[in-house]
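Reading the structure
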Amino acid sequence: MKLKNVISVLVLSLLPTTVVLAQAPEDGDVSIVQNDSDGPSVEWFRDAKFGMFVHWGVSSQTGGQWRGENYYGITEWLWRRSEASREDYLGLLDTFDPQGFDADEWVSLAKEAGAKYIVVTAKHHDGVAMFDTDFSDYDVTDGAPFGRDPMKELSIAAEKEGIRLGFYYSQFQDWEHPDGGGNEWEYDPAGKDFSVYQQEKAIPQLDELLTNYGDVALIWFDTPGDSTLESARQFVDFVRERQPDTLISSRIGHGLGDYQNYRDSEIPVVHESSRPFEAIFPHNESWGYTALDTNFKSTTELLHILADVASKGGNFLLNVGPDGNGKIPEASVNRFREIGKWMDVNGESIYGTSASPFAPVPWGTVTQRDGAVYLHVLEAPASREIFLPSGDLNIRQAKLLATGKRLSVTTVEGGLKIGLPDDMPDSRNSVVALYHNDGLLDTASIEERRIITVSSEYEATELEPEMATFGGNVELEDRRYWHNFGEWKHFPSVKGIREPDDTLSWQLRVLDPGQYTVTVRYSADASEAGQEGVVEVAGQSRIFRVLETGEFEFDRPVATFSHHIGTIEFTEPGDYSIVLRPAQVGTELMKFRQIEILPHD
Ligand code: H79
């Protein structure tokens, strides 16, 4: 497992994947990106680890409040959600005059936060260009009192600060163009010829973006919809021809693109592909500015997402939604600055690192580089001793990155124990660096990554569908839902649990023997409720009857039930498997969400 082993990496990328899920075409293609040996180098992107996403457009002026209505949910979809006429919506250009916009201010904030690249909406689905274009009347330069070209100003500021700039460009949806995708309230889809839009607007505008704005780090295509392979290829070939080093996001569709996007607000449990990836999150729940949502993720939560994504080998692209005056909300500014302070101290454990070589750990996450492993301690246990399932590793030195304090490392069965001080430097994430003589370690095998540590020192062990091994007809099914329009939430689940051979099982490594309670969390409608399920572990079997929570609808809250199904005992430390199955043949047993194991005194 230790030394660099190219074969195992290759094998991993060929295995049938359990984490890249079937995908509704509306929201972007997350299929595995093909290796393209002729494509641009992705090294800078792989190393970057943190970027700033910016959603800004004429709808930002409304803050989600328009013509007497509150549009809870994503503001950038305002036109489609309101189904306003083009005169009414595009009238927002007449008032677009963000005198507070200062490109240097945005770029400095990204820089201060430690972001290595910025992606900004050059054109979102509404079709309005946020740059000076000759191929549409609807741009903020000639078509609005603003009269400036914010993409130009950003490109100059970014170049000055040495930060890369990429453009979001909605290639399929364009609600302003009669032949573009998405606007079916004003234009009959039967009468549309998508290629007219592509040839007369999208390609010429990409030409402008790739000609007049210096080096473009990437084009962030989104929502391929039902566009064809030929259409996607034309976009890719065109970008390649104009700027061969510009990266292309996988939301171009059809498995094309230079790196892998996951879905909105999604972190893969395991990233299988050899291509780099990016996990994207809005700071609150809307991408475009809204006055109706102040649920900004805390610095702690953002630092945890950053460490989690990096431990899987990916980049965290965190969005801000500047308002109609061009100002980034204060809540975002403050959090970005806090991230930057943490990066100043701990950046070594993030930039240029690779995915964790080890099984998941209950106290946090792990990143690594050649000769170093970084332990991101997100939840320090009361005993101040953490276990790393590292096998034998030749450690030279262990220290806290923040203070330089040396830590004790003891070799134990299967790994290492590291002693932590009582006063950890940062309650959000204190990083321990382990310097060793074993080079860059192999990514853990799938089997290793599926081993879940159970210890009485941690509140709960959560057994997720993505970590399970499936028997019979069970397969992953990532259900999604939202509370307010477009604010996707994920419900990673399974389908095909209908008879006793249809099983989910997890490998447990129990550190502390004793009593634990088992809770099955699920959603079940009338067709599923009433059936019986069984959980088997350590020679003990607990049967339960599925209770009804309600219908699962994508556009309303999902009622999930935490069903306490009993107490079990692990008599000694060691490896166990835990299995969930239907007790009898039936319909789907439930919409399974997770099993939770809690120490029980
Ligand atoms: O730019 C941000 C969002 O505007 C964009 N992606 C991020 C980065 C985005 N993609 N999808 N969505 C937003 C929401 C998708 C809604 C849809 Fe539907 C679900 C379109 C089709 C299914 C709502 C329900 C509209 C039609 C059915």
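Residues numbered from 1 in each chain as written. Predicted model: local features only at pLDDT ≥ 70, side-chain atom pairs only at ≥ 80, totals over all residues. Heavy atoms only, no water.

Topic: the packing of helix H5 (residues 103–113) against helix H6 (residues 150–161)
With their axes 8 Å apart at the nearest point, H5 and H6 run at an angle of 40° to one another. By the angle between their axes, H5 is oblique relative to H6. When the axes of H5 and H6 are compared, the crossing they make is right-handed. From H5, Ala-103, Asp-104, Trp-106, Val-107, Ser-108 and Lys-111 reach across to H6, where they touch Glu-153, Leu-154, Ala-157, Ala-158, Lys-160 and Glu-161. (Axes fitted to C-alpha atoms, helices over the stretch in contact; angles between N-to-C directions. Helix = DSSP H or I, 4+ residues; strand = E, 2+ residues; numbered from the N terminus. Parallel < 35°, antiparallel > 145°, perpendicular 65-115°, else oblique. Left-handed = near helix turned anticlockwise from the far one by under 90°. Contact = heavy atoms within 4.5 Å.)

So, the domain arrangement of the chain
As far as domains go, the chain holds domain 1 (3–284 + 297–349), domain 2 (364–449) and domain 3 (461–599). Computed from C-alpha coordinates alone, the two centres of domain 2 and domain 3 are separated by 31 Å. (Domains from an automatic or database assignment.)

Observations concerning the confidence of the model for the chain
Mean pLDDT over the chain stands at 93; residues scoring 70 or higher make up 94%. Note that pLDDT drops below 50 for residues 1–33; the model gives that stretch 87 contacts with residues more than four away or on any other chain. (pLDDT = per-residue confidence, 0-100.)

Overview of helix H9 (residues 299–311)
Counted at 1.5 Å a residue, the expected span for H9 with its 13 residues is 18 Å, and the 18 Å between its end C-alpha atoms agrees. For H9, the full list of buried residues reads Thr-299, Leu-302, Leu-303, Ile-305, Leu-306, Ala-307, Val-309, Ala-310 and Ser-311. Here the buried face of H9 lies against strand E1 (50–54), strand E9 (277–282), strand E10 (315–320), helix H10 (330–346), strand E11 (364–369) and strand E12 (372–377). At the C-terminal side of H9, Gly-313 shows a positive phi close to 95°. (Expected span 1.5 Å × (residues − 1). Buried < 20%, exposed > 50% of the residue type's maximum accessible area, 1.4 Å probe, protein only.)

As for the site of the ligand
Looking at the ligand, there are 17 residues lining it, with His-55, Glu-76, Trp-77, His-124 and Asp-222 nearest. For the ligand, an oxygen atom lies 3.5 Å from a polar atom in the side chain of Tyr-168. Side-chain polar atom of Asp-222 to a nitrogen atom of the ligand: 2.9 Å apart, as the coordinates give it. Here the residues of the shell around the ligand sort into eight nonpolar, three polar and six charged. Residue contributions to the shell around the ligand reach at least three from each of two domains, namely domain 1 (3–284 + 297–349) and domain 3 (461–599). (Near = heavy atom within 4 Å. Polar contact = N/O pair within 3.5 Å; in protein donor to acceptor, adjacent residues only side chain to side chain. Nonpolar A, V, L, I, M, F, W, Y, C, P; charged D, E, K, R; others polar.)

A closer look at empty space enclosed by the protein
If a probe as big as a water molecule is rolled over the atoms, it shows which places are left empty. Following the criterion strictly, the structure yields four cavities of 30 Å³ or more and no others. Considering only enclosed or pocket space, the largest cavity measures out at about 90 Å³ in volume. Along its surface, the largest cavity is lined by 13 residues, and Trp-56, Gly-57, Ser-59, Glu-76 and His-124 are the ones closest to its centre. Among the residues forming the lining of the largest cavity, the class breakdown is four nonpolar, seven polar and two charged. Of the pockets and cavities examined, the second largest cavity occupies roughly 70 Å³. Surrounding the second largest cavity, 13 residues form its lining, Asn-284, Ser-286, Phe-296, Val-320 and Gly-321 being those nearest its centre. Class assignment of the residues belonging to the lining of the second largest cavity gives a composition of five nonpolar, eight polar and no charged. (1 Å grid on protein atoms, 1.4 Å probe; cavity = no way out; pocket = protein on both sides within 12 Å on 5 of 7 lines; lining within 4 Å. Points joined across faces, edges and corners; volume = space filled by probe spheres on them.)

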